[in-house]
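Chain by chain, the residues:
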Amino acid sequence: MSADAQPQEKVLNPSEFFESIGDRVQSLAPATNGTTDQDDQDDQDDEPKAVEEIESLCMSCGENGVTRLLLTMIPYFREVVIMSFACDHCGTHNNEIQAAGVVQPRGTHYELRLTSIADFSRQVVKSDSATVKFIELDLEIPAGRGQLTNVEGLLSTVMDDLELGQEARKEQAPEVHDKVAEIIKKGRAMLAGESFPFRLYVDDPAGNSFISPDLKDGVGKWEKHEFVRTPEQNAALGLAASEQPADASVTTTGLTVDGDIIPNEVYSFPASCPGCMNPCTTHMKMVDIPHFKQVVIMSTVCDHCGYRSNDVKTGGAIPELGEKIILTVNDETDLARDILKSETCGLECPELQLQVNPGTLGGRFTTVEGLLTQVRNDLHSQIFESTERGQGGDSLAAEEKSQWDKFFEGLDAAISGQKPFTIILTDPFASSFVQPLVDPPEPDPKIQRENYQRTEEEEEELGLKDMKVTDYEEPEADDSKKEEVNGVNGS
């Protein structure tokens, strides 16, 4: 080797740092090719370790303990760092999980409705900025230590923590003790499978928490929503508003004489990027869909971090009844139909075993093919593209992977026009639309429309029960004052 020759350094990309546990174990498996024990002992010093070990100070006793770090990836999710500390001197030990990526452009809200014992095994990632709530228990776990667990482990840990302080509460605050005892009783009944169904949600402004889905989940079982963070949430995450001035070139076109938006006119106005908080531009355009209603298309693009979003908002009065639209898709002509799926609309395709909950995709104005393609890409990226090898992580069992492969094969066949299927749009606000291929008022033979009465649950989720549409300008009189007036009149 010449004197000028220098050893080349190996550059690792992120996927090599964050291997799945199965790939890491396979790469570290010892090879027995006739080598001696001494050779194996010499090679062990050069081989990488699956878990990094760092000597660190124990905050309980002041001696040195060991911190272990594992860089891995979670199927359907993203890269994480799992940390564990143990002290042999005093027995202190703890574990924690942290997201290895950056704060996501939007916050996420996951909700799971548990209906059987099998749902307790759903994997849950709770970041240090996430809040977890068991809705029926009215029990909330505040933001704090990150956890990688399942629903059973999460609920069991909370119940155990509540039971630890019960003796002290009984002496110091008997009323609080009785209320906590009632919560513990309900929680233990849930763990025993005696209180199905019940719900929990994970709300994370950083967007780094997760509840694992299942292929068999129907509408209303597993839900994911993304939301724009408030200024307070950005401040809590350390994301401060940028001091850069807004783009002076952004102009807003004038309104009509009555102050209304001009149809088909593009409006641009300054906004703050929800991802990096730098100034960006939001574009808005009102479009008149023939034989339907006017909708507003909104788009936001950030030149600083590349954040992009688009959404469709429908307007008008809230109808008394919801609407269900059933479209039969047989060929490429049907795939090219325009379709408007509002943010309150749920989507089902029974032949494809596909269910999309309301709010999951937001509002979309596209074609049938475009809508299915977006659903397909979103699911595929979460399940199979978490690694460059496309394996979806080590915990994706062979049987489950086979089911997902079969699901995507059917979805791809439907998108290419090789498989007929049915789309069912259920919208409690009747704000969704499918383009007919005949001139109104003639009915399209492939489109069926049904009006239905909204359920109590839909009314509650949409906030319709809290709306006051009559006498809303008059403040409600205080009941105590009414009684006083009645007492004076009676005397």
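Reading the values: the criteria
- Here the residue numbering is sequential within each chain, running from 1 through the sequence in written order.
- Per-residue local features of the predicted model are confined to residues with pLDDT of at least 70, and side-chain atom pairs are confined, for both listing and counting, to 80 or more; whole-chain, interface and lining totals are unaffected and use all residues.
- With hydrogens and water excluded, all non-hydrogen atoms of the structure serve as input to the side-chain values.
- A run of DSSP states H or I qualifies as a helix once it reaches four residues; a run of E qualifies as a strand once it reaches two. Both are numbered from the N-terminal end.
- Each residue gets one of three labels from its accessible area relative to the maximum for its type: buried under 20%, exposed over 50%, partly exposed in between, using a 1.4 Å probe on protein chains only.
- Whether two residues touch is decided by their heavy atoms; if any such pair falls within 4.5 Å, the residues are in contact.
- Note on areas: Shrake-Rupley, 1.4 Å probe, and residue coverage restricted to the protein chains presented here.
- For a helix, the expected span equals 1.5 Å multiplied by the residue count minus one.
- Throughout, nonpolar core names a set of buried Ala, Val, Leu, Ile, Met, Phe, Trp, Tyr and Cys residues whose side chains join them through atoms within 4.5 Å.
- Only when DSSP finds a minimum of two bridges between them are two strands counted as paired.
- As a rule, the C-alpha atoms of each element are fitted with a line to give its axis, helices using only the stretch in contact, and angles between N-to-C directions run from 0 to 180 degrees.
- Charge counting follows a simple rule: Lys and Arg are positive, Asp and Glu are negative, and His as well as the terminal groups are ignored.
- Salt bridge, as applied in this entry: a Lys or Arg side-chain nitrogen positioned within 4 Å of an Asp or Glu carboxyl oxygen.
- N or O atoms within 3.5 Å of each other form a polar contact, as long as, within protein, one can give a hydrogen and the other can take it, and as long as residues adjacent in sequence are counted only when both atoms are side-chain atoms.

Trainee: A description of the overall build of the protein should follow, citing residues and the corresponding values.
Mentor: The number of helices and strands found in the protein is 12 helices and 24 strands. Of all 491 residues assigned to the protein, the portion counted as buried reaches 36%. Residue pairs at least 24 apart in sequence account for 62% of intrachain contacts in the protein once pairs closer than 6 positions are excluded. In the structure as shown, the protein presents an accessible area of about 29,000 Å², 49% of it carried by carbon and sulfur atoms.

Trainee: Can you lay out helix H6 (residues 174–191) for me, pointing to particular residues and giving the numbers?
Mentor: The end-to-end C-alpha distance of H6, which contains 18 residues, comes to 26 Å, matching closely the 26 Å that a straight helix rising 1.5 Å per residue would cover. For H6, the set of buried residues is His177, Val180, Ile184, Gly187, Ala189, Met190 and Leu191. Check the buried side of H6 and you find it contacts helix H4 (151–164), helix H5 (166–172) and strand E10 (198–204).

Trainee: Which residues make up the nonpolar core, and what values go with them?
Mentor: In terms of nonpolar packing, the biggest core is built from 31 residues, with Phe134, Val151, Met159 and Leu200 touching the most fellow members. When residues of this core are traced back to their parent elements, those giving at least two are strand E5 (107–114), strand E6 (123–126), strand E7 (131–134), strand E8 (139–141), H4, H6, E10 and strand E11 (210–211). For this core, the element with the highest residue contribution is H4, accounting for 6 residues. Apart from residues no more than four positions distant in its own chain, Leu200 is found in contact with Tyr110, Glu111, Leu112, Leu114, Val132, Lys133, Phe134, Val151 and Leu154. One finds Val356, Leu361, Val368 and Val434 within the second-largest nonpolar core, a separate group that totals 28 residues.

Trainee: I'd love a proper account of the sheet that holds strand E12 (residues 222–227), names of residues and values included.
Mentor: With respect to topology, 5 strands assemble into an open sheet ordered E8-E7-E10-E5-E12, the strand pairing being antiparallel. A strand with exactly one partner marks an edge of an open sheet, and here the two such strands are E8 and E12. Averaged over all adjacent pairs, the angle separating strand axes in this sheet is 15°, with direction ignored. Where E7 and E10 come together, 4 bridges link them in antiparallel fashion. Its bridge partner being in E10, Lys133 is matched across the sheet by Tyr201.

Trainee: Tell me about helix H10 (residues 398–415), residues and numbers included.
Mentor: Here H10 is 18 residues long and its end C-alpha atoms lie 26 Å apart, about the 26 Å a rise of 1.5 Å per residue gives. Listed in full, the buried residues belonging to H10 are Trp404, Phe407, Phe408, Gly410, Leu411, Ala413, Ala414 and Ile415. Looking one or two places after H10, you find Gly417, whose phi comes out positive at around 85°.

Trainee: Explain the side chain of Arg229 to me, and be specific about the residues and the numbers.
Mentor: Of note, Arg229 is situated in the loop between E12 and helix H7 (231–236). No salt bridge is formed by the buried Arg229; the nearest opposite charge belongs to Asp204, separated by 7.5 Å. From its side chain, Arg229 meets the backbone oxygen of Pro205 in a polar contact 2.8 Å long. Other than its neighbours up to four places away in sequence, Arg229 contacts Val103, Gln104, Pro105, Arg106, Gly107, Pro205, Ala206, Asn234, Leu237, Leu239, Pro274 and Gly275.

Trainee: Mind laying out the sheet that holds strand E18 (residues 338–341), listing which residues take part and the relevant values?
Mentor: Think of a sheet as strands paired side by side through backbone hydrogen bonds, with each pair either parallel or antiparallel. Pairing in this open sheet of 3 strands is antiparallel, and the strands run E21-E18-E23 from one edge to the other. In this open sheet, the two edge strands, each paired with only one partner strand, are strand E21 (364–367) and strand E23 (433–434). Pairing geometry for E18 and E23, over 2 bridges, is antiparallel. Among the inter-strand pairings, Ile339 is bridged to a residue of E23, identified as Val434.

Trainee: Describe the pattern of salt bridges, with residues and values.
Mentor: Counting across every chain of the model gives 19 salt bridges. In this structure, Glu53 and Arg68 form a salt bridge, with 3.4 Å as the shortest nitrogen-oxygen distance. Within this pair, whereas Glu53 is found in strand E1 (residues 52–57), its partner Arg68 is found in strand E2 (residues 64–73), the two being separated by 15 residues in sequence. For Arg68, a relative accessible area of 33% corresponds to the partly exposed category.

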